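Secondary and tertiary structure notes
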Amino acid sequence: MSKIYEETKFLMKKYGITANKKLGQNFLIEDNVIEKIVESSSLTSEDLVIEIGPGLGTLTKELLEKAGKVICIELDNRMISILKDRFFMYKNFEIINEDVLKVDLNKLIRENKEKDQIKNVKIVANLPYYITTPIIMKLLEERLDIESITVMIQKEVADRLTELPGGKSGGAITYTVYYYAEAEELLTVPNNSFIPEPEVESEVIKLTLRKKPVIEVTDEKKFFELIKVSFMQRRKTLLNALSNSTFNISKEKMEQVLKDLNIDTRVRGEALSIEQYAEIVKRI
């Protein structure tokens, strides 16, 4: 048995803890996965790490040894007392008992950069699977002053996030991720690497934030709205998907835009490149 497995069983027994299904808790028990996450994050003493959903603190322990400071954001009150017990000796440890979606991360990062010798900010986490997408969207859309996001998520979602726009596994979020970051898959994690075992495989991915978006877009709001609408009814052509939506353009006008750009009028949204979406929005 792994060292982390023994440690996890000990903590669960000591504190009378069982995983909370509603919060998507699955406790990681594989040493090599923790090592891969930490190694891939390339941490230094000048880094601030924000860990989302630390749970029992398995990953936290390793992050504290490498980073200048670790801020854990944990919603489950039961975990707060465990984390405080485990890491009270560490001067570089802070904990926030809150839903990460409600935390003002821009303010948090700004304040920590001002008072500490922080050079880079990195997100490192084993994310709760039931809110993976809202968390990733928040981290990207709020244009946080962060260098990278290294997280373990459900493999099916990982495939979508790391796919290239126009690829077969892609979704609307594929374009968002590609717009803001370079994405890579690092490690597939089998079900039996957790207590309790989830029904799905997991994947460790890393998003490295771009200095500026991959393309220039005339109207970001319209750009992402167009992509979202085209994927809401992905089996339909782009023209038909738009005609059944609140996107404010007539079918005739959109047909003309596609013709002007030499794009097949029968095209589905999922087949368009990010550059083509940008061109369409520019013409609109």
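Residues numbered from 1 in each chain as written. Predicted model: local features only at pLDDT ≥ 70, side-chain atom pairs only at ≥ 80, totals over all residues. Heavy atoms only, no water.

1. Regarding the pattern of salt bridges
Between side chains of opposite charge, pairing is possible as soon as their charged atoms come close. Inspection of the entire model under this criterion finds 13 salt bridges. As a salt-bridge pair, K122 and D47 come within 2.9 Å of each other at their nearest N and O atoms. Highlighted residues: K122 in strand 5 (residues 120-126) and D47 in strand 2 (residues 47-52), separated in sequence by 75 residues. Side by side, K122 and D47 carry an identical accessibility label, which is buried. With a closest N to O distance of 3.2 Å, E203 and K155 form a salt bridge. Residue E203 is located in strand 9 (residues 202-209), and its partner K155 is located in helix 7 (residues 155-162); the two are separated by 48 residues in the primary sequence. In this structure E203 comes out as buried when scored by relative accessible area, which is 3%. Taken together, the shared-partner salt bridges in this structure form one network comprising K155, D159, E185 and E203. (Salt bridge = Lys/Arg side-chain N within 4 Å of Asp/Glu carboxyl O. Helix = DSSP H or I, 4+ residues; strand = E, 2+ residues; numbered from the N terminus. Buried < 20%, exposed > 50% of the residue type's maximum accessible area, 1.4 Å probe, protein only.)

2. Considerations on the nonpolar core
One finds I136, I149, F223, L226, M254 and I280 to be the most contacted residues of the largest nonpolar core, which totals 63 residues. Looking at this core element by element, the count peaks at six residues for helix 9 (residues 220-232). Grouped together as the second largest cluster of nonpolar side chains are 34 residues, V38, L63, V70 and M152 included. (Core = buried A, V, L, I, M, F, W, Y, C linked by side-chain atoms within 4.5 Å.)

3. Quick word on the pairing of strand 5
Looking down a regular strand, the side chains alternate between one sheet face and the other. Burial within strand 5 is extensive, with six of its seven residues counted as buried. Two strands pair when backbone bridges link them, and strand 2 and strand 5 are joined in this way by four bridges, in the parallel orientation. Residue pairing across strands places D47 opposite N120, the latter belonging to strand 5. Pairing analysis gives five bridges linking strand 5 to strand 6 (residues 148-154), with the strands arranged parallel. (Pairing = 2+ DSSP bridges.)

4. Comments concerning the environment of E255
In this fold, E255 is placed in helix 11 (residues 251-260). The class of E255 is partly exposed, set by a relative accessible area of 29%. Sequence separation between E255 and L238 is 17 residues, and the spatial gap between their C-alpha atoms is 9.5 Å. Once residues within four sequence positions are removed from consideration, E255 is found in contact with L239 and T265. (Contact = heavy atoms within 4.5 Å.)

5. Thoughts on the sheet that holds strand 9
Reading across from one edge, 4-3-2-5-6-9-7 is the order of the seven strands in this open sheet, with mixed pairing throughout. Only two strands of the sheet have a single partner each, and these edge strands are strand 4 (93-96) and strand 7 (181-189). Taking the axes of each pair of neighbouring strands and ignoring which way they run, one obtains an average angle of 20° across the sheet. As defined by bridge partners, strand 7 adjoins strand 9 across eight bridges and the pair is classed as antiparallel. Bridging across to strand 9, V189 finds its partner in S202. (Axes fitted to C-alpha atoms, helices over the stretch in contact; angles between N-to-C directions.)

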